[in-house]
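# Descriptive analysis of the structure
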Amino acid sequence: MKNIAIFASGAGSNAQKIIDHFRNSDKGRVTVIVCNKPGAGVLQIAEREGISSIIIEREAFFHSDKYIQLLQEQQIDLVVLAGFLWKIPANLVQAFPNRIINIHPALLPKFGGKGMYGHFVHEAVIAAGEKESGITVHYVNEKYDDGETILQERCVITPDDTPETVASKVQALEHQWFPVIVERLLTTF
Ligand code: GAR
């Protein structure tokens, strides 16, 4: 049984899908939710699901090994970023080599980087006149949205699409694929 830590700061719909996927699994379980935003929806999900949650402090996150130790104590095998917007510091990347993955709501390397999250991504995609968008699941390194790609899935954009309709197409792909990819990775180590 592998232990998954989900880092999330938003509504937590992807966290919920991953929790659901592993609810009766013998391959893995969501052990802890790590969040940088008091009041985030994902914390209510953790509470309802009986999963422990941690609210991280910026100073300790960026300038100490506090959370590395905590993840190691909990014997975390995979860190899953599901709507977590802080950059992952180098010490954490190095402590979990190829064991931290992120989902991004666009086809990287397009529409990635600092400030490119949530609706900003979909607005930029529409503004650029893109004919398709999608999701990228990738390993996390010290740069934003930069590590090796694990999976991309695409959706078509039509002329009547808006940032909101693109968001819902992309979210459907996320919910369909992210839990599957997490499970696939867990079986490789
Ligand atoms: C997801 O769409 C995820 O791809 C995005 O945040 C959303 C979180 O939604 N992540 C980024 O934009 C990272 N740059 P959720 O809280 O409902 O899972």
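All figures in this text were calculated on a predicted structure; none of them were measured in a lab. Residue numbers here run from 1 along each chain, matching the order of that chain's written sequence. Local features are withheld for residues below a pLDDT of 70 in this predicted model, meaning they are given only at 70 or higher, and side-chain atom pairs are given and counted only at 80 or more; totals for whole chains, interfaces and linings count all residues. Working from all heavy atoms in the structure, the side-chain values ignore hydrogens and water.

Now for the environment of Phe7. By definition, any uninterrupted DSSP run of H or I lasting at least four residues is a helix, any uninterrupted run of E lasting at least two residues is a strand, and each is numbered from the N terminus. Its location among the elements puts Phe7 in strand β1 (residues 2-7). Only protein chains enter the calculation, and the probe is 1.4 Å; a residue is then buried if its accessible area is under 20% of its type maximum, exposed if over 50%, and partly exposed in between. Look at Phe7 and you get buried, because its relative accessible area is 1%. Placed 47 residues apart in sequence, Phe7 and Ile54 show a C-alpha to C-alpha distance of 9.4 Å.

For helix α7 (residues 163-186), with 24 residues, the first-to-last C-alpha span of 33 Å sits near the 34 Å given by 1.5 Å per residue. Along its length, α7 reaches its greatest deviation from straightness, about 30°, at Trp177, and the proline Pro179 lies no more than four positions downstream. Expected span, for any helix, means 1.5 Å times one less than how many residues it has. The term bend refers to the angle at a residue between two fitted axes, each drawn through seven residues, those ending there and those starting there.

Bringing the UniProt feature "active site" (unreviewed entry) in the chain into the picture now. Those places that UniProt annotates as "active site" (unreviewed entry) correspond, in this numbering, to His104. The residue His104 is located in strand β5 (residues 100-104) in this model. Accessibility expressed as a relative area gives 2% for His104, which makes it buried. Contacts were defined at the residue level, with two residues in contact if any of their heavy atoms lie within 4.5 Å. Once residues within four sequence positions are removed from consideration, His104 is found in contact with Phe111, Gly112, Met116, Val121, Gly134, Ile135, Thr136, Asp145 and Glu174. Among the polar contacts listed, one links the side chain of His104 to the backbone oxygen of Phe111, at a separation of 2.7 Å. UniProt positions are given in the numbering used here, feature names are shortened, and annotations may be inferred rather than shown by experiment. Here a polar contact is taken to be a pair of N or O atoms separated by no more than 3.5 Å, where protein atoms must pair a possible hydrogen donor with a possible acceptor and residues adjacent in sequence count only if both atoms sit in side chains.

Now for the environment of Pro89. Relative to the elements of secondary structure, Pro89 occurs in the loop between β4 (78-81) and α5 (90-95). Residue class for Pro89 comes out buried when judged on its relative accessible area of 9%.

Our focus in this paragraph is the site of the ligand. Summary of the distance rule: residues count as near a molecule or strand when at least one heavy atom falls within 4 Å of that molecule or strand. Neighbouring residues of the ligand: 13 residues in total, closest Gly12, Ser13, Asn14, Tyr117 and Glu174. Between Met116 and the ligand, the recorded distance is 3.3 Å, taken from a backbone N or O atom to a nitrogen atom. Within the backbone of Gly118, an N or O atom sits 3.3 Å from an oxygen atom of the ligand. All accessible areas in this document rest on Shrake-Rupley with a 1.4 Å probe, and a residue is counted as covered only by the protein chains that are shown. When the ligand is considered free in solution it has 450 Å² of accessible area, and contact with the protein chains removes 86% of it. Residue assignment for the shell around the ligand shows that the elements contributing at least two residues are α1 (13-22) and β5.

With that out of the way, let us pick up the nonpolar core. Here, nonpolar core means buried Ala, Val, Leu, Ile, Met, Phe, Trp, Tyr and Cys residues that are tied together by side-chain atoms lying within 4.5 Å of each other. In this structure, Ile6, Val80, Ile101, Phe178 and Val182 are the most contacted members of the largest nonpolar core, which totals 40 residues. No other element matches α7, which puts eight residues into this core. Sequence-distant contacts of Ile6, defined by excluding residues within four places in its chain, comprise Ala15, Ile18, Val30, Val32, Ile33, Val34, Val80 and Ala82.

Moving on, we get to the pattern of salt bridges. In the sections that follow, a salt bridge refers to a side-chain nitrogen of Lys or Arg positioned within 4 Å of a carboxyl oxygen of Asp or Glu. Applying the stated rule across the entire model yields seven salt bridges. Measuring nitrogen to oxygen at the nearest pair gives 2.7 Å for the salt bridge that ties Glu49 to Arg23. Placement of Glu49 in helix α2 (residues 41-49) and of Arg23 in the loop between α1 and β2 (28-35) is noted, with a sequence separation of 26 residues between them. Judged by its relative accessible area of 44%, Arg23 is partly exposed. Ionic pairing is found between Arg154 and Glu132, a salt bridge with its closest N-O pair at 3.1 Å. Here Arg154 is found in strand β7 (residues 149-156), whereas its partner Glu132 is found in strand β6 (residues 132-139), with 22 residues between them in sequence. Residue Arg154 is classed as partly exposed on the basis of its relative accessible area, which comes to 47%. Residue Glu132 is classed as partly exposed on the basis of its relative accessible area of 33%. Within this structure, Asp20, Arg23 and Glu49 form a network of salt bridges that share partners.

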